[in-house]
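Overview (structure and organization)
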Amino acid sequence: MAQQDRKVGSWVAANPQSVAAPSWDATNGTLFPERPEHRSPKRPRVELAGLADIFPYYAGFSFDWARGLLPSLATSSEPRVLDPWNGSGTTTLAAQALGYKSVGVDLNPMANVIARLRTQVQSSAEAIPPPKGPLAAASADDPLSAWFTHPTVERLRSWTSELTLASRASATLGQVALFRVVKSLTSKFQGSNPTWVRRAASPDELVDVPADELDSLIVADQHHILSRLRTLPRDKDKESVALVTASSSALPIKDGSIDVILTSPPYLTRIDYAVAYARELAVLGVDIRMDRSLRAGLMGTTLIRPSDEQLSYGPLATDLVDRIKSHSSKASNGYYRKQAIQYLNDLVGSLDEIQRVAAPRASAVLVVQDSYYKDVHVRLAEICEEEMSARGWRCKPRRFRVDRILTSVNTAARAYTKGDVYETVLTFTRGKDD
């Protein structure tokens, strides 16, 4: 059963009062041209807008771009916005800034904590002081023990136990501070590939931090986050955003209830989001090594589910599978073919769900990046366009060249010749004239 952090309207569950959409005030952010979809959605290297710097997350577009684009997609003053791959909540925060109701769906509970901080925690939240009393008990197989000594794990668990007694806002603030501190203290376990985090190879590698030093870091980080929260609108309506822990291929949303979809699906780049955020998930008590259910369920995972069979795709997706299957490199007709099929199954299943929940005159924008398997061009934007067109949507694509792709960090992948890679903004309309 999907967990709902907030409920917004009958399209999710309840039916509170509507929130009127204010007119765009250019003094609150970047001035946009008349057609914001013509701007590149790419996030800047350092993004401060929308609190993106608090916990940088893999995202297909920036907060300012999303906030500028949404009004052009809305067909009413009270649009209902969906991001089925909400991640750290850029879409839901942008919708909230405009007074729109929104729902963000993500299967990763860590991402939902970040999204909750950005949309539902005010700068008036209280920082939690260091825990008092004896240290919390921590088992020898606590997921945090992959990087920390046992005394440090016990102190971290004293903090997580303390958070269970705090208000929702303060607990969220504390969780994000713990994410940030834990990530900083374990930076040596992250190599050149930013999406792969290794575990300590021996007890000598474990990080040991005195309790008073750890406490100081966590308290200071909470106050830093609070100072950044003051840059967000103070009158934001927390009830306008629903954050749901669920899969994009099984959206707990009413049929035909969504007016605008703004999202960026995981790309076929073999980013394993559970591994990339294994330390933050460990703070939440999730051990991805012992329990593989979350990792296996995330779209783009590198784990292969045993029961996935190839669904029916359009010609482009089918051709991609065939080209990977026939590639001369090792495991192309085995593991890599299965992983591509699994990804495409998740993609078309999610597009079916978007089709189901979209209103008759809905708009959808997908920000999609191409990639490469060895030297095989993965034309993901064209695949998405073909699959959505088959479902009755009309598309206007706009491409932006990408200078650096993730596969460039893999030395083995550099041996294969690759062409240009583009990020594409796919603007879809349904049931209305161009």
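The structure we're discussing is the one just above.
Computed from a prediction, not measured in an experiment: that's the story for all the values here. (Residues numbered from 1 in each chain as written. Predicted model: local features only at pLDDT ≥ 70, side-chain atom pairs only at ≥ 80, totals over all residues. Heavy atoms only, no water.)

1. Side note on the nonpolar core
In plain terms, the rule: The nonpolar core is taken to be a set of buried Ala, Val, Leu, Ile, Met, Phe, Trp, Tyr and Cys residues, with the residues joined through side-chain atoms within 4.5 Å. Classification of residues uses two cut-offs on accessible area relative to the type maximum, computed with a 1.4 Å probe and protein chains only: under 20% is buried, over 50% is exposed, and between them is partly exposed. Numbering goes from the N terminus for both helices and strands, where a helix is a DSSP run of H or I of at least four residues and a strand is a run of E of at least two.
Counting 117 residues, the largest nonpolar core has W65, L70, L82 and L347 as its most contacted members. If one sorts the elements of this core by residue count, helix α11 (residues 332-357) sits on top with 9 residues.

2. Observations regarding the environment of E385
Worth spelling out the cut-off: In this description, contact between two residues means that some pair of their heavy atoms is separated by no more than 4.5 Å.
On the secondary structure map, E385 appears in helix α12 (residues 380-390). As a C-alpha pair, E385 and K396 span 11 residues in sequence and 9.0 Å in three-dimensional space. When neighbours within four sequence positions are excluded, E385 is seen to be in contact with C395, P397, L426 and F428.

3. Brief notes about the packing of helix α1 (residues 63-73) against helix α2 (residues 90-97)
Angle between the axes and distance between the axes are the two parameters that describe a pair of packed helices. Basically, it comes down to this: Each axis is a line fitted through C-alpha atoms, and for a helix only the stretch in contact is used; angles between axes span 0 to 180 degrees, taken between their N-to-C directions. Any angle from 65 to 115 degrees is called roughly perpendicular, while one under 35 is roughly parallel, one over 145 is roughly antiparallel, and all others are oblique. Should the near helix be turned counterclockwise from the far one by less than a right angle, the crossing is left-handed, whereas a clockwise turn marks it as right-handed.
Between α1 and α2, the shortest axis-to-axis distance is 9 Å and the interhelical angle comes to 50 degrees. The pairing of α1 with α2 is recorded here as oblique in orientation. Handedness of the crossing formed by α1 with α2: right-handed. Side by side, α1 and α2 meet where F63, A66, R67 and L70 of the first sit next to T90, T91, L93, A94, A95 and A97 of the second.

4. What about the packing of aromatic side chains?
By convention here, two paired aromatic rings are described through the distance between centres and the angle between planes. Rule in force here: When two rings of Phe, Tyr or Trp (its six-membered ring) have centres within 6.5 Å they constitute a pair, described as stacked for plane angles under 30 degrees, edge-to-face for angles over 60, and tilted for the intermediate range. Only lysine NZ and arginine CZ atoms are considered, and such an atom sits over a ring when it is within 6 Å of the ring centre and within 35 degrees of the ring normal.
For the coordinates displayed, the defined rule picks out 5 aromatic pairs. Considering the side-chain rings of Y335 and Y336, the 5.0 Å spacing of their centres and the 80 degrees angle between planes classify their relative orientation as edge-to-face. Owing to a relative accessible area of 26%, Y335 belongs among the partly exposed residues under this scheme. Among the aromatic residues, those joined into a ring-pair cluster are F55, F179 and Y277. The ring of Y422 is capped by R399, whose NZ or CZ atom sits 3.9 Å from the centre of that ring.

5. Some words on the side chain of T152
The criterion, for reference: Polar contacts, as counted here, are pairs of nitrogen or oxygen atoms within 3.5 Å of one another; within protein the pair requires one atom able to donate a hydrogen and one able to accept it, and residues that are adjacent in sequence qualify only if both atoms are side-chain atoms.
Of note, T152 is situated in helix α4 (residues 150-163). The exposure class assigned to T152 is buried, which follows from its relative accessible area of 1%. In terms of polar contacts, T152 uses its side chain to reach the backbone amide nitrogen of V209, at 3.0 Å. Look past the residues within four positions of T152 in its chain and what remains in contact with it is V207, D208, V209 and L214.

6. Considerations on the pattern of salt bridges
As a reminder of what qualifies: Put simply, a salt bridge is a Lys or Arg side-chain nitrogen that is within 4 Å of an Asp or Glu carboxyl oxygen.
Using the criterion set out here, one finds 14 salt bridges in the structure. Here R80 makes a salt bridge to D259, at a shortest N to O gap of 2.9 Å. Taken together, the positions of R80 in strand β2 (residues 80-83) and D259 in strand β5 (residues 258-263) put the pair 179 residues apart, joining distant regions of the chain. Its relative accessible area of 27% is what places R80 among the partly exposed residues. Across the pair R356 and E353 runs a salt bridge whose closest N-O atoms are separated by 2.9 Å. In this pair, R356 and E353 are both assigned in helix α11, 3 residues apart and thus about one turn of the helix distant. Put simply, D255, E353 and R356 are held in one network by salt bridges that share partners.

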